[in-house]
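A structural walkthrough
Chain by chain, the residues:
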Amino acid sequence: MFGFLKRLFGFFSPEKDEIDPDEIIEEQWVADFAAKEPRFRFTVTAENSYRAYPRKLRFAGDEAEKPVLALSLLKTGCIAWTEDSLYRYRDLLIRGTIRVDPAGGYGAAGFMFRIVDENTYYMALVSNRGYFRLDLVRNRTPLALAGWTEAPGLRRTGPEESLPVDFELEIISCGTRILVLVNGEWAAEINDPSLGEGRIAFCAASYDGAARGRPGMEALLSAFSLDSRVGEVSAEYDKASGAARPENRIRLAETFAAMGRAAPALVQIRKAWESRLEAGTDPARPPAELLLGARLALALELWDEAEDCIEAGLSPGSGAGEFNNLKAGLLYSRGAYRDFLSWADESLPFADRAAFYNLLGHAFFHLERYEEAANAYDRARAEEGDEGKNGLAAKNAAGAWELLGDREKALDRYISAGRIFLNRNRYEELGLLVPKLRLFGAANWEARALAGKWAFGVENWAEAETELDKAEELREELRKKLRENPRKELRGESPEDSRGDSPLSPGKPDPAVFYLKALLLIRKDRRKEALPLLEKAVRYAPDYPLFRFRLAENRFLLLEQSGVKPDTAAADPALNADLEAALAISRDEGESYGWVHNFAAQLDLSRGNLAGAEDHLEKAASVLGETPAVLVNRAVAFYLGGKIDDALALLERGAEDPEGLMANCAGNLLVRAGRFEEADVFYKKAIAAAPDNRQYRFNRASCLVETARYGEADAVLTSFSDGTSSPEILELIAFVAAKKGEYARAETASRTALEIDPEHAPSLLHLGWSCAAGGRWEEVEQILERLDDLELNEEMSRGKDELDAWMEEATTRLVACASCGIEWRVRKNPEPAPSIRLYAMPPDDMPAGTCPACGKSYCVGCSKDSLDEAGRFVCPECGKALKLGDEGLKELIYVWAEENIAPEAE
């Protein structure tokens with residue numbers, strides 16, 4: 001849908017001093033472009049995106065330049081018009097000579113009429129490619145009355161399509177009837193009562209960009225006239241309608257048929273045939289037109305007319321295959337099942353034998369001959385071929401075998417039909433099969449997998465998880481049975497098994513199951529658990545780019561979550577290998593190509609490679625267009641280039657953002673800039689677009705924490721609709737709860753997070769602090785040991801060291817040698833150490849004891865020269881014997897002795 005430009009107001013008319021712009025008048029008027037004061041009534045204006053102005057142009061064959069009204073569009077993807085605001089008209093004949101210069105691209109020009117306001121009008125256009133169309137636009141909603149149809153005398157091919165084109169366009173609106181002529185030839189005739197009167201305008205549309213560097217396109221109006229006199233308009237209408245050439249009516253009929261408008265299409269075909277019969281043209285009804293007429297009559301249930309066309313088409317000299325198919329359809333549609341079976345002969349030529357056998361099966365089914373119906377449906381399946389499969393024959397066969405009580409064959413056909421519906425994204429039809437798949441395939445892994453894939457496609461996440469888990473469980477059981485008893489019948493290879501279209505051998509893993517299970521975990525922000533499933537999907541489908549892309553993306557986001565910046569190719573070799581593989585196997589077209597390059601741009605942005613990111617974004621946009629995901633990366637590129645205002649302008653420029661991606665990105669950029677209040681506004685928009693998106697809620701809560709709005713942050717974090725959470729969210733809940741003084745709740749949140757991911761370092765660290773606050777130092781020590789076993793980023797390492805230092809300060813004290821200053825860290829209030837007798841001198845850095853008189857402690861090294869007659873250490877100042885009365889020092893000596901000399905305990 002194009003963004004319509006603001007309508008252009010104003011007019012020029014020297015003819016009348018006082019004008020009622022709402023008056024509906026009858027007049028005949030001819031524009032004068034060559035007058036000193038040009039008289040064409042259309043507005044002259046200049047805007048940033050378009051201009052309407054008089055100019056001169058030399059046409060081919062003219063010696064002098066000719067004055068014209070130019071309407072120039074300075075950008076692609078828009079429609080603009082210049083209005084004649086002088087009068088309103090009811091019945092009207094408009095005639096204009098127009099040139100469309102697409103500037104090497106693709107554009108169209110024509111007239112709008114019966115304009116009610118800028119949102120409601122009729123519009124007729126002719127393109128530089130030689131096609132015309134007629135539309136009704138009501139309340140900005142377009143309805144095609146006649147889609148693009150080849151214009152009489154304007155057939156263009158190859159390079160001609162991008163060149164300027166000249167034509168005369170004539171529109172006659174008479175009551176509810178509208179007639180379009182191009183170059184004087186009848187082109188279309190429509191009956192539409194939607195709009196009765198209104199103004200007129202000269203309009204142009206620019207669809208594709210220019211090949212030679214000029215944006216937009218230009219429409220040139222070199223002659224214009226109108227006649228709104230009722231009698232004259234009616235006479236001109238009747239004259240033009242009666243002069244329609246049969247081939248032009250057939251072209252319009254083909255357009256109507258393609259639009260699904262069978263009745264007006266058949267009317268045009270009938271009129272074309274009548275014209276040929278009156279003129280004595282032979283053949284009056286060519287086979288191709290008979291075929292179209294028969295199809296339209298069948299669609300309208302005009303059985304006699306359809307039969308007439310079919311029988312004429314089956315006459316000698318006509319291609320019978322298509323008509324035999326239509327005759328089969330006619331007999332079936334009339335309910336003449338026995339006549340159909342009597343006529344049906346497999347030796348007859350059929351253009352679509354699969355369709356014939358399908359109808360044959362229907363006839364047998366209605367006559368309750370179910371086995372013959374089942375066999376006919378199976379024959380239709382065999383005739384379809386890989387490209388022609390639509391799943392209906394398999395579904396019909398399944399129903400017939402079910403009525404015959406053959407549950408195994410019924411399930412086989414239901415699985416086959418389900419697989420086809422899934423591959424063609426026909427989820428509604430697949431959903432109708434799911435109860436059958438569950439009924440007959442409760443113990444069949446493929447049936448359960450199809451049910452899970454359907455549930456995922458319709459966003460029933462809980463059911464998808466249940467079914468996919470069950471499918472994988474059943475598949476593993478089947479593999480075990482096959483290893484234990486690899487008999488032929490267990491492998492489903494008996495002659496009864498007709499499932500030749502299955503891409504999977506019995507028990508072979510389905511990579512899509514692993515992929516979808518991973519996506520379900522990612523929805524819960526459990527990316528670490530999703531990683532091995534994505535790796536399995538890639539292992540079994542290494543050449544599928546989407547799996548590779550998602551695996552690389554997941555590795556990247558896991559790095560971001562852990563605080564590791566993937567700023568070099570060496571940051572995660574597996575990430576780069578997966579991305580390179582995805583780029584290598586993706587094609588130059590198709591969505592996977594666009595998504596892979598969009599992710600490659602995101603990775604380059606994280607590494608500061610703006611040039612590389614721009615290259616990938618161009619490739620992504622070539623397939624995906626300016627979608628929110630591409631615009632988000634473009635905005636990040638602006639931000640990294642120091643242009644945050646440009647980034648925000650890009651994200652707010654009015655593009656649709658149904659998933660809140662752009663609003664979330666704007667919030668993220670504002671947070672990085674420290675503009676938290678502004679960021680919160682955008683996060684609210686993102687959440688409004690996607691209320692169940694966990695990441696958006698996490699981002700908003702983190703933003704609120706930055707401004708100490710803990711109550712609001714808590715409400716945002718605890719409002720998930722499904723009641724589940726992720727380690728990251730639970731860790732933030734723990735932080736907020738602690739800030740609010742809810743320490744028990746904070747600890748519970750941390751423990752719940754660790755149940756999901758026992759190695760989630762932030763939750764381990766937060767739990768450590770909760771235990772420290774309660775003086776549970778043994779648990780703190782265990783947590784520190786667990787953190788030592790993990791690869792921590794810089795922030796987590798710093799937090800672990802702070803917790804370690806806090807515990808050391810809280811549970812130990814320093815004792816220093818009064819002589820040399822050496823220090824010992826001993827526990828506060830330890831249990832009394834057992835009594836020991838030493839048979840060796842402790843090392844010099846161990847404590848010798850404490851003086852009971854002065855309270856000073858000394859090391860062994862400083863006390864060696866201060867011994868009494870009994871060889872005991874004495875205080876060098878007081879002369880008193882040193883004692884190991886301090887339980888902390890005694891514990892040090894005891895531990896040393898236990899580890900080195902194993903003293904005898906008394």
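Figured I'd write up the structure that's included with this text. Owing to the predicted nature of the structure, the values given are computational and were not obtained by experimental measurement.

Conventions and cut-offs
- Residues numbered from 1 in each chain as written.
- Predicted model: local features only at pLDDT ≥ 70, side-chain atom pairs only at ≥ 80, totals over all residues.
- Heavy atoms only, no water.
- Helix = DSSP H or I, 4+ residues; strand = E, 2+ residues; numbered from the N terminus.
- Buried < 20%, exposed > 50% of the residue type's maximum accessible area, 1.4 Å probe, protein only.
- Areas by Shrake-Rupley, 256 points an atom, 1.4 Å probe, with all protein chains shown as cover.
- Phe/Tyr/Trp six-rings, centres within 6.5 Å; stacked < 30°, edge-to-face > 60°.
- Lys NZ or Arg CZ within 6 Å of the ring centre and 35° of its normal.
- Salt bridge = Lys/Arg side-chain N within 4 Å of Asp/Glu carboxyl O.
- Patch = residues over 30% accessible without salt bridge, like charges linked within 9 Å, V, L, I, M, F, W, Y side chains within 5 Å.
- Lys, Arg positive; Asp, Glu negative; His and termini not counted.
- Charge placed at Lys NZ, Arg CZ, Asp CG, Glu CD.
- Pairing = 2+ DSSP bridges.
- Expected span 1.5 Å × (residues − 1).
- Contact = heavy atoms within 4.5 Å.
- Axes fitted to C-alpha atoms, helices over the stretch in contact; angles between N-to-C directions.
- Parallel < 35°, antiparallel > 145°, perpendicular 65-115°, else oblique.
- Left-handed = near helix turned anticlockwise from the far one by under 90°.
- Nonpolar A, V, L, I, M, F, W, Y, C, P; charged D, E, K, R; others polar.

**Some thoughts on the overall build of the protein chain**
- Tallying secondary structure elements over the protein chain gives 33 helices and 20 strands in all.
- In the protein chain, buried positions account for 48% of the 906 residues.
- With the model as given, the accessible surface of the protein chain reaches about 43,300 Å², and the carbon-plus-sulfur share is 48%.

**Quick look at the packing of aromatic side chains**
- One pass over the full model with this rule turns up 23 aromatic pairs.
- Geometrically, the ring pair formed by tyrosine 106 and tryptophan 148 is tilted, given 6.5 Å between the ring centres and 45 degrees between the ring planes. Taken together, the residues span a long stretch of sequence, with tyrosine 106 in strand 8 (residues 106–117) and tryptophan 148 in strand 11 (residues 141–150) at a distance of 42 residues.
- The exposure class of tyrosine 106 is buried, given its relative accessible area of 13%.
- Against the face of tryptophan 186 rests arginine 249, its NZ or CZ located 4.5 Å from the ring centre.

**Focus on unusual backbone geometry**
- If you check the backbone angles, arginine 140 has positive phi at about 70 degrees while not being a glycine.
- Secondary-structure assignment places arginine 140 in the loop between strand 10 (131–138) and strand 11.
- The exposure class assigned to arginine 140 is partly exposed, which follows from its relative accessible area of 48%.
- Backbone geometry places glutamate 301, a non-glycine residue, at a positive phi of 60 degrees.
- By secondary structure assignment, the location of glutamate 301 is in the loop between helix 4 (287–299) and helix 5 (303–313).

**With respect to the pattern of salt bridges**
- Counting across every chain of the model gives 73 salt bridges.
- For the salt bridge of glutamate 189 with arginine 249, the shortest nitrogen-to-oxygen distance reads 3.8 Å. Of the two residues, glutamate 189 is situated in strand 14 (residues 185–191) and arginine 249 in helix 2 (residues 246–258); the sequence distance between them amounts to 60 residues.
- With relative accessibility at 13%, the residue glutamate 189 sits in the buried group.
- In this structure, arginine 555 and glutamate 535 form a salt bridge, with 3.1 Å as the shortest nitrogen-oxygen distance. Here glutamate 535 lies in helix 16 (residues 527–540) and arginine 555 lies in helix 17 (residues 545–562), a separation of 20 residues in the sequence.
- What makes arginine 555 buried here is its relative accessible area of 12%.
- Members of the salt-bridge network, linked through shared partners, are Glu677, Asp680, Lys684, Arg700, Arg709 and Glu712.

**Some points on a negative patch on the surface**
- Taken together, the side chains of Glu759, Glu778, Glu781, Glu785, Asp789 and Asp804 make up a negatively charged region of the molecular surface.
- For the negative patch, the element with the most residues is helix 30 (residues 777–788), which contributes 3 residues.
- In this fold, glutamate 778 is placed in helix 30.
- By relative accessible area, which is 64% here, glutamate 778 ends up exposed.

**Structural notes on the pairing of strand 6 (residues 78–89)**
- Where burial is concerned, most of strand 6 is hidden: 11 out of the 12 residues are buried.
- Here strand 6 pairs with strand 15 (residues 198–208) via 8 bridges, running antiparallel. Paired with tyrosine 89 across the two strands is glycine 198, which belongs to strand 15.

**Topic: helix 23 (residues 661–672)**
- Here helix 23 spans 17 Å end to end across 12 residues, near enough to the 16 Å set by a 1.5 Å rise per residue.
- Structurally, helix 23 contributes buried residues whose contacts are with helix 21 (628–640), helix 22 (644–651), helix 24 (676–689) and helix 25 (694–706).

**Thoughts on helix 4**
- With 13 residues, helix 4 ought to run about 18 Å at 1.5 Å a step, and its terminal C-alpha atoms sit 18 Å apart, in line with that.
- Contact partners of the buried residues in helix 4: helix 2, helix 3 (262–279), helix 5 and helix 6 (320–333).
- Downstream of helix 4 by a residue or two, glutamate 301 has a phi angle that is positive, lying close to 60 degrees.

**Thoughts on the packing of helix 12 (residues 427–440) against helix 13 (residues 445–457)**
- Close contact between helix 12 and helix 13 brings their axes to 9 Å; oriented N to C, the two are set at 140 degrees. Of the possible angle classes, the one that applies to helix 12 and helix 13 is oblique. Where helix 12 crosses over helix 13, the two elements pack in a sense that is left-handed. Residues Tyr427, Leu430, Gly431, Val434, Leu437 and Arg438 of helix 12 pack against Ala447, Leu450, Ala451, Lys453, Trp454 and Gly457 of helix 13.
- Residues belonging to the contact of helix 12 with helix 13 are distributed by class as follows: 8 nonpolar, 2 polar and 2 charged.

Without other data, these values stay purely geometric and don't point to any function.
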